[in-house]
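Report on the structure
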Amino acid sequence: MKRLQHVATLSVIAVMTALFISGCGPEYMVLHPAGPVARTEFDLIVLSTILVAIVIIPVMAILAYIVYRYRDVPGNKAPYMPEWADSKVLEVIWWRIPIVIIVLLAVPTAKTTFALTKPPVQDVKPVTIQVTSLNWKWLFTYPDQKVATVNYVEIPAGVPVQFVLTSDSPMNSFWVPQLGGQEYTMPGMAMRLWLQADKPGEYFGSGASFTGEGFAHMRFKVVAKPQSEFNAWVEQAKQTSPALTKDGYEKLKQPNVLNNTLTYSSYPQGLFEEIVDKNGGIYMNHDFMGNKQKDQSGNMNHDMQNHQMLESMSH
Amino acid sequence: MSSIKDFASHFFVTGDPLIYGSDVAIVLVSLAIIFVLTYFKKWGWLWREWLTTVDHKKIAIMYLIASLLMLLRGGIDAILMRIQLAFPNMHFLQSEHYNEIFTTHGTIMILFMAMPFMFALYNAVVPLQIGARDVAFPYLNAVSFWLFFFGALLLNISFVIGGSPNAGWTAYPPLSGLEFNPGPGENFYLLALSISGIGSLATGINFLVTILKMRAPGMKLMDMPLFTWSVLASCVIIIFAFPPLTVALALLLIDRLLGAHFFTMAAGGNPMMYINLFWIWGHPEVYIVLLPAFGVYSEVVSTFSKKKIFGYKSMVASMMIISVVSYFTWLHHFFTMGAGADVNTFFAIATMLIGIPTGVKIFNWIFTMFRGRIRLTQAMLWTIAFIPCFAIGGATGVMLAIAPADYQYHNSYFLIGHFHQALIGGVVFGYLAGLYYWWPKMFGFKLDERLGVWAFWFWQIGFYVCFMPQYALGFMGMTRRIYTYPDGLGWGSLNLVSTVGAFLMGVGFIIQVWQILYSIKYGERDVTGDPWDGRTLEWSIPSPAPLYNFAVIPHVKGMDAWWMMKQEMKEKPAQIKPIHMPKNSGIPFIMSVFFFIAGFGLTFHWFWMGGFGLLGVAVCMFIRSFDYDTDYYITVDEIKRAEAS
């Protein structure tokens, strides 16, 4: 029985190790970061794994040893001290061990949390892409390029991308594991997430917060291309794709699953802002969406918006 | 005719063979129960001995039965989900059915399995451990139980009548709001939780007062057994945490029933308010159910190491620290909802801080075994298995607390792995340890060791096989609550492994059911009242405890009171006096039936029925208020006769 216990503990460690090693395969997206944001987060994951392992592996070893040594069998010569229940020295030691670990973790946590609110690189002009989660599909609008896509998003590689997120359906969460962690899309709010791809490639993305019947099918592709190819793609989209109209958007909004991707040469101006406002954004204060700078007609000046965003990044 | 047909097809859930099967099973089981009770003329017995009882020991048994049934129901939900996820592109369950199942699985396991299991242990143990004859408010205790019972019933009938809730156990608006969820399912959820929540809050107050006011003479707070301390800490959290939940549920219910806009952005409300209120309850809730498990481990590890608990003061301090700090962690459930970096950092660090007292407790349990004599009974096996399991669960919890890393873990299977490890490895293992430990005290016989050890290993192996792959799946980008996934992402094989693990745990549970049935017939009877060579007062009286618990209230001189008495070999003083006891009452049961009627009516927007139910509740309260015949005395003769038998 005691030996079985021992074997069980060891096998737990073995399974964990096996999982860790098998984490080398490319299907382990979180462990294969393809951009600076995901890499920062990956580094924290590795650091925290090591720090907690430093505590729990010895704990398990000590436990196995003690259970074995002090088992109640006839002739066990290990000391038995039924009244020994206090030791200042030992208690001081193990109040301190977790405190030290937590301090070691808290410092990089705080630093990284603040760092991730800024673009990953400062010397490249970022691009902004607006994301709207619908039942049950993803709409991407490109305020600078004026094109729109559904269920896939094209980004220039090596350029920080500011995703501005909202929802015209229950809240979802926008997640591209290889580029970085997720952020919620919430009706009436415009959230911000910085991501960046190192190199051209295709990356898996999905919704991470449950939105009902078709939720499992809310996947999308992120296609990173060199800037020149990205520009060419925009040009091509403008020339060959249909336009997204108001009616077209209403149709797109209908709850259903779309198993393909769509590309639009244009979309109604201010669509994203309208979606945010109509879902309650009028009650909110979105400084980085530029609502304060709205002109009388309700349309936004995108240069102004970008300018403001850059300003809010610096503090 | 067609309108009746139309109504029926909406009222009853139709079109799914699994549901039809359940319908048949429910009808058959109900008929069987009615037949057995009638045939053996047991209706009167049922009413007098159980439905009207205010005895904490019987209430404990009813909580236990209910929670084991709910464990079965929640477990079947889990198995169904794991079958659906075993392979890519499975067609075992439709999306909507899967969504209902994961919603009820979570709701039932937390609120209708863990909570009543915990209350079963509260009731079975606390009054005996502190040398009391009952809880402070026995009548209220019965009210609590029946409110829980009918709340659970209300949620459970939803899968055959009206349709189950399907917005996740957290029920975030707007998904759970009228616009996206017009059916009665979410109403079932809100009303069931509200009704049982009243009971939980009352239990929290009841046991807090019991522990503070009803301890045997001489028992100082710092002499209390650690399980009682853990219940005290847990009750403090219940009292502060349940009101926010009640408010959140009530506001969402008002949104849904009366068309208000507390959580509807478009009319100036805000769903974030719900999410905040929900988790202000939801995170402390984890510690509500976890702390009593910690209490169980402390008792078990000390008894079966034949040694005083190590670092008693640290143990008490760490539980009280956890009960306070648990209020400063709720936001870690939504680091990814756009709070500022400053807010995220605060809650990240506050969450990590919980790891400090928890870590200390683990060291203290291990050092209680150090220089002891360890008997590997079933209770001890579950306790020892808890330590590595919870160490990993706690470690992944600390990893999740790191806000920027959480952006990658959030809503992924890494999270699913973590909280199942904390809740099964921490809470379920603890309650099972407690069940095996106190079973002889509750029922007068031991549970068979051999079968128990088999069940233990099936559970253990099943657990790791089921949940370790889920951490890996999280790293592979698999998100929670998806009913299917495509081929080609590499998720298939690990999901299959996980499903196998779930089945192994299911086998473990079946063996345990068999173990209970087998032991009822063949289990070793406990004639001493102290089968484990225990240390605390509950082992100083016969098993099962007599109606009045202690013929003579003991005088306590320090920690581990029974152990001290055994060392001193002191004779029990024989000065028996008449014992003042509360009378049974049918009102808690009847009042809870009216709550159920009200809840059922409101679920379907039948306000006349809701009003009728609430009126019935008011009448019950009125009647009780003028009932002065609530107590009686057990005579000395009766006590002597009971003690002699």
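Residues numbered from 1 in each chain as written. Chains lettered and ligands numbered in written order. Predicted model: local features only at pLDDT ≥ 70, side-chain atom pairs only at ≥ 80, totals over all residues. Heavy atoms only, no water.

Regarding its fold elements, chain B presents 20 helices and two strands. Per-residue burial over chain B gives 66% buried out of 645 residues. Of all intrachain contacts in chain B linking residues separated by at least 6 positions in sequence, the fraction that spans at least 24 positions is 82%. Taking the average location of the 38 positive side-chain charges in chain B and that of its 34 negative ones, the two points are 10 Å from each other. (Helix = DSSP H or I, 4+ residues; strand = E, 2+ residues; numbered from the N terminus. Buried < 20%, exposed > 50% of the residue type's maximum accessible area, 1.4 Å probe, protein only. Contact = heavy atoms within 4.5 Å. Lys, Arg positive; Asp, Glu negative; His and termini not counted. Charge placed at Lys NZ, Arg CZ, Asp CG, Glu CD.)

Turning our attention to the pattern of salt bridges. Close approach of charged atoms allows side chains of opposite charge to pair. Taken as a whole and assessed by the stated rule, the structure comprises 16 salt bridges over all chains. Among the ionic pairs, Lys-253 of chain A bridges to Asp-168 of chain A, the shortest N-O distance being 3.9 Å. Taken together, the positions of Lys-253 of chain A in helix H5 (residues 246–253) and Asp-168 of chain A in the loop between strand E5 (161–167) and strand E6 (172–176) put the pair 85 residues apart, joining distant regions of the chain. On the accessibility criterion, Asp-168 of chain A (8% relative accessible area) is buried. Of the charged contacts in the structure, one is a salt bridge between Lys-566 of chain B and Asp-530 of chain B, with a shortest N-O distance of 2.7 Å. Linking Lys-566 of chain B in helix H17 (residues 561–568) with Asp-530 of chain B in the loop between helix H16 (492–522) and H17, this pair joins segments that are 36 residues apart in sequence. Relative accessible area serves as the criterion here: at 14%, Asp-530 of chain B is assigned to the buried category. Each member of the salt-bridge network shares a partner with another, and the members are Asp-168, Lys-253 and Lys-278 of chain A. (Salt bridge = Lys/Arg side-chain N within 4 Å of Asp/Glu carboxyl O.)

Right, let's talk about the packing of helix H9 (residues 271–304) of chain B against helix H10 (residues 312–325) of chain B for a bit. Residue and element names in this part refer to chain B. Two elements in contact, H9 and H10, have axes whose closest approach is 11 Å; the angle formed by their N-to-C orientations is 170°. Considering the angle they form, H9 stands roughly antiparallel to H10. On H10, the residues touching Tyr-287, Leu-291, Phe-294 and Ser-298 of H9 are Met-315, Met-319 and Ile-322. Of the residues contributing to the contact of H9 with H10, the split by class is six nonpolar, one polar and no charged. (Axes fitted to C-alpha atoms, helices over the stretch in contact; angles between N-to-C directions. Parallel < 35°, antiparallel > 145°, perpendicular 65-115°, else oblique. Nonpolar A, V, L, I, M, F, W, Y, C, P; charged D, E, K, R; others polar.)

A separate point is the UniProt feature "domain: Cytochrome oxidase subunit I profile" (unreviewed entry) in chain B. Feature annotation in UniProt places "domain: Cytochrome oxidase subunit I profile" (unreviewed entry) on residues 39–557 of chain B, given in this structure's numbering. In residues 39–557 of chain B, helix accounts for 68% and strand for 0%; the two terminal C-alpha atoms are 52 Å from one another. (UniProt positions renumbered as here; feature names shortened; annotations may be inferred.)

Before going further, it helps to examine the nonpolar core. Ile-155, Phe-163 and Phe-174 of chain A together with Phe-112, Tyr-274, Trp-365 and Met-369 of chain B are the most contacted members of the largest nonpolar core, which has 301 residues in total. The element contributing the most residues to this core is helix H5 (residues 95–129) of chain B, with 21 residues. Leaving out residues up to four positions away in the same chain, Phe-112 of chain B has contacts with Ser-67, Met-70, Thr-107, Phe-148, Gly-151, Ala-152, Leu-155, Ala-192, Leu-193 and Ser-196 of chain B. With 11 residues, the next largest nonpolar core counts Leu-139, Ala-148, Val-150 and Ile-275 of chain A among its residues. (Core = buried A, V, L, I, M, F, W, Y, C linked by side-chain atoms within 4.5 Å.)

The next subject is the sheet that holds E6 of chain A. Paired through their backbone hydrogen bonds, the strands of a sheet run either parallel or antiparallel. Residue and element names in this part refer to chain A. Strand order in the open sheet formed by five strands is E4-E10-E9-E6-E7, and the pairing between neighbours is mixed. Edge positions in the sheet fall to strand E4 (152–156) and strand E7 (180–185), since each of these pairs with one other strand and no more. Recorded for the sheet is a direction-independent mean angle of 25° between the axes of neighbouring strands. Relative to strand E9 (residues 201–207), E6 is paired through two bridges, and the arrangement is antiparallel. Paired with Trp-175 across the bridge in E9 is Ser-206. In the packing of helix H4 (residues 227–240) onto the sheet, contacts are made with E4 and strand E10 (219–225), and the angle to E4 comes to roughly 135°. (Pairing = 2+ DSSP bridges.)

All names here are of chain B. Among the secondary structure elements, Ser-326 is positioned in the loop between H10 and helix H11 (341–369). Judged by its relative accessible area of 0%, Ser-326 is buried. Looking at Ser-326, its side chain comes within polar contact range of the main-chain oxygen of Ser-323, at 3.2 Å. (Polar contact = N/O pair within 3.5 Å; in protein donor to acceptor, adjacent residues only side chain to side chain.)

Our focus in this paragraph is the interface of chain A and chain B. Counting residues at the interface gives 93 residues for chain A, matched by 95 residues for chain B. Roughly 8400 Å² of surface becomes buried between chain A and chain B when both sides are summed, with 75% attributable to carbon and sulfur atoms. Interface area lost by chain A to chain B is led by Trp-94, Trp-95 and Phe-210 of chain A, which between them contribute 9%. Inspection of the chain A/chain B interface yields one salt bridge. At the surface where chain A touches chain B, the tally comes to 26 residue pairs in polar contact (both at pLDDT 80 or more). Of all elements in the fold, only helix H1 (2–22), helix H2 (36–69), helix H3 (88–115), E7 and E9 of chain A reach the threshold of two or more residues within the side of chain A that touches chain B. In terms of residue class, the side of chain A that touches chain B is made up of 58 nonpolar, 23 polar and 12 charged. (Buried area = accessible area lost by both parts, 1.4 Å probe.)

A separate point is the sheet that holds strand E1 (residues 127–134) of chain A. Residue and element names in this part refer to chain A. The strand order E8-E5-E1-E2-E3-E11 describes an open sheet built from six strands, whose pairing is mixed. Single-partner strands in this sheet number two, and they are strand E8 (191–195) and strand E11 (262–264). In this sheet, neighbouring strand axes are inclined to one another by 20° on average, regardless of whether the strands run parallel or antiparallel. Bridge count for E1 against E5 is seven bridges, and the pairing is parallel. What sits directly across from Thr-128, in E5, is Gln-162.

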